[in-house]
Amino acid sequence: MTFWTRISGMLLPLALAVGGCATPDTPAVPSPSFSAAEEALYLKRFELQRNAAIEGGGLPAYDPLEPVRGAERYQPLPEAEPRIARQALADAQRFAAERKSSAFLVWHDGALVKESYFGGADRDYLVNSKSLAKPLTAIIIGRAILEGHIRSLDQPVADFITEWKGDPGKSRILVRHLLDMRSGLLPQGFGSGPENVLNRAYLHPRHDEVIINEYPLVNDPGSRYEYANANSELVAPLIERATGQRYHDYVSDALLIPLGAQGGTVWVNRPGGMAHAGCCIQLPAQTWARLGILLLNDGIWKGQRLLPEGYVTKMRTSTAENPHAGLGVWIAGNYIRGRGPLHPSMDAGKTLHSEPYADRDLFLFDGNGSQVVYIVPSQGLVIVRTGDRPAKDKPWDNSYIPNKIIGSIERMPGEAMPKPQASGE
């Protein structure tokens, strides 16, 4: 049995963090081009991560961090009286509060109807996004497509990561494969010591070069869903080469500023280096809400189209390889009690869904610690919960909050009722 842990937002097997048996799929191929100082910094990070994992924690801190610019004249989201039963909102807030949450927000009918913070957090508190960063990579790819930097989701990644041009396998990886986890790149799995490529791809001060040059392909591109942080991490160098801007600067200029959103910080692998795109961006809860609202409104913000027409539909369309995964987001699909990020056949890392979603239209961002952004276009609804992983005696239930709220909307005469998620078990 593999025991899974979370290291600074990345879903990793415990053996990776604390040592274990190496496998043939995780070769140790350190590049001779890295300096002794860079290798020493990597080893320092590896020891910090390993020691923290033994204690049940993650990497103690991201270092270095760089600023992610937001809107200069930031205005909070508009508020309104709820058309949702107040008791339901109170019950949902209590559920979140009891589960180590930092923020709980509900947006309905074009306004914020609930906003609560816990444990000293407030509107300016920077949320450690962890894998909430992954849907951000899908959104920013959409921005780059609309602005003409990328032709389409079906453009080869090798057009940008030109080191792959001559590779018979990697040259067939498409942009969409990085977002729907079907690249064929090595999935998260067992790692051993600091020489292991899984560790180097996360902690090395040139982690992007490790992924591009050292990370193995183990399946034909497009043939199999396998969760791999490397897929999302590759979006940063792709965006940089496509746009000529650093990843987080493009996120600011193309997305956060047009959304009128607050900025924050992001972990870069070294001073002036590459941002981590698969995790490690810190933004306030209202910024995550704005990203959800953008998708709720089919990529349009205040009349301005920020994503290509039909792109959100593509984001929330699953593949045959995983009926619950789209482009960076998770899809209701048919009901299953436990759904996790790994291949559907794997039992590890699954989150409880105690009952079918009250509306099959729901899709969501879902990151480490059960940080979620639920989006329900048919209900005009976005719900955000950020925070830490709940205690074992109060597990997260991915169905409870959206069902509580959807079922308590005070509907107008003739307003359509939600259509529940179809049974799958």
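These numbers were taken from a predicted model, which means no experiment stands behind them.

1. Some points on the state of the cysteines
Throughout the structure, instances matching the rule amount to one disulfide. Here Cys279 is linked by a disulfide to Cys280, with a sulfur-sulfur distance of 1.8 Å. Between Cys279 and Cys280, the S-S torsion sits near -60°, and that sign places the bridge as left-handed. You can call Cys279 buried: its relative accessible area is 0%. Exposure remark for Cys280: the relative accessible area of 0% places this residue in the buried category.

2. Some thoughts on unusual backbone geometry
A cis amide bond links Asp63 with the next residue in sequence, Pro64, at an omega value of 5°. On the secondary structure map, Pro64 appears in the loop between helix H2 (36–54) and strand E3 (65–68). With a phi close to 60°, Lys100 is a non-glycine residue in the positive phi region. With respect to the secondary-structure elements, Lys100 resides in the loop between helix H3 (86–97) and strand E4 (101–108).

3. Side note on the environment of Glu415
As for its placement among the helices and strands, Glu415 is situated in the segment after helix H13 (400–406). Here the alpha-carbon distance between Glu415 and Ala236, two residues 179 residues apart in the chain, equals 43 Å. Polar side-chain contacts of Glu415 include one of 3.0 Å to the side chain of Arg83.

4. Quick word on helix H9 (residues 235–243)
The buried count for H9 comes to eight of nine residues, which makes it a mostly enclosed element. When we look at burial in H9, the residues that qualify are Val235, Ala236, Pro237, Leu238, Ile239, Glu240, Ala242 and Thr243. Here the buried face of H9 lies against helix H4 (133–146), helix H5 (175–180), helix H7 (207–214), helix H8 (229–233) and helix H10 (247–256).

5. Here's the deal with the nonpolar core
Counting residues in each nonpolar core, the largest one holds 81 residues, and the members touching the most others are Ile141, Ile150 and Tyr247. Within the second largest apolar cluster, 31 residues are counted, among which are Ala92, Leu342, Ala358 and Ile406.

6. Remarks on the side chain of Arg143
Position of Arg143 among the secondary structure elements: in helix H4. With residues near it in sequence (within four places) discarded, Arg143 still touches Tyr250, Ala254, Leu255, Arg305, Leu306 and Leu307.

7. So, the sheet that holds strand E8 (residues 281–283)
Read across the sheet, four strands follow the order E3-E7-E8-E6 without closing on themselves; strand pairing throughout is antiparallel. Lying at the two open borders of the sheet, with one neighbouring strand each, are E3 and strand E6 (127–128). By the bridge criterion, four bridges tie E3 to strand E7 (residues 264–267) in an arrangement that is antiparallel. What sits directly across from Val68, in E7, is Gly264. Sheet contacts for H10: E3, E7 and E8; angle to E3, the most-contacted strand, approximately 20°. Helix H11 (residues 285–296) rests against E6 and E8 of the sheet, and its axis sits at about 95° to E8.

8. Some thoughts on empty space enclosed by the protein
Summed over the entire model, instances satisfying the criterion amount to two cavities of 30 Å³ or more. Approximately 70 Å³ is the volume attributed to the second largest cavity. Residues that form the lining of the second largest cavity fall into these classes: six nonpolar, three polar and one charged.

9. Focus on the sheet that holds E4
Read across the open sheet, the six strands follow the order E5-E4-E16-E15-E14-E11; overall the sheet is antiparallel. Of all the strands in the sheet, the pair left with one neighbour each is strand E5 (111–117) and strand E11 (330–331). As judged from the two bridges shared by E11 and strand E14 (residues 363–367), these two strands associate in the antiparallel manner. Residue pairing for E14: Trp330 is matched across the bridge by Leu364.

Thresholds, definitions, all that
Residues numbered from 1 in each chain as written. Predicted model: local features only at pLDDT ≥ 70, side-chain atom pairs only at ≥ 80, totals over all residues. Heavy atoms only, no water. Disulfide = S-S within 2.5 Å. Buried < 20%, exposed > 50% of the residue type's maximum accessible area, 1.4 Å probe, protein only. Helix = DSSP H or I, 4+ residues; strand = E, 2+ residues; numbered from the N terminus. Polar contact = N/O pair within 3.5 Å; in protein donor to acceptor, adjacent residues only side chain to side chain. Contact = heavy atoms within 4.5 Å. Core = buried A, V, L, I, M, F, W, Y, C linked by side-chain atoms within 4.5 Å. Pairing = 2+ DSSP bridges. Axes fitted to C-alpha atoms, helices over the stretch in contact; angles between N-to-C directions. 1 Å grid on protein atoms, 1.4 Å probe; cavity = no way out; pocket = protein on both sides within 12 Å on 5 of 7 lines; lining within 4 Å. Points joined across faces, edges and corners; volume = space filled by probe spheres on them. Nonpolar A, V, L, I, M, F, W, Y, C, P; charged D, E, K, R; others polar.

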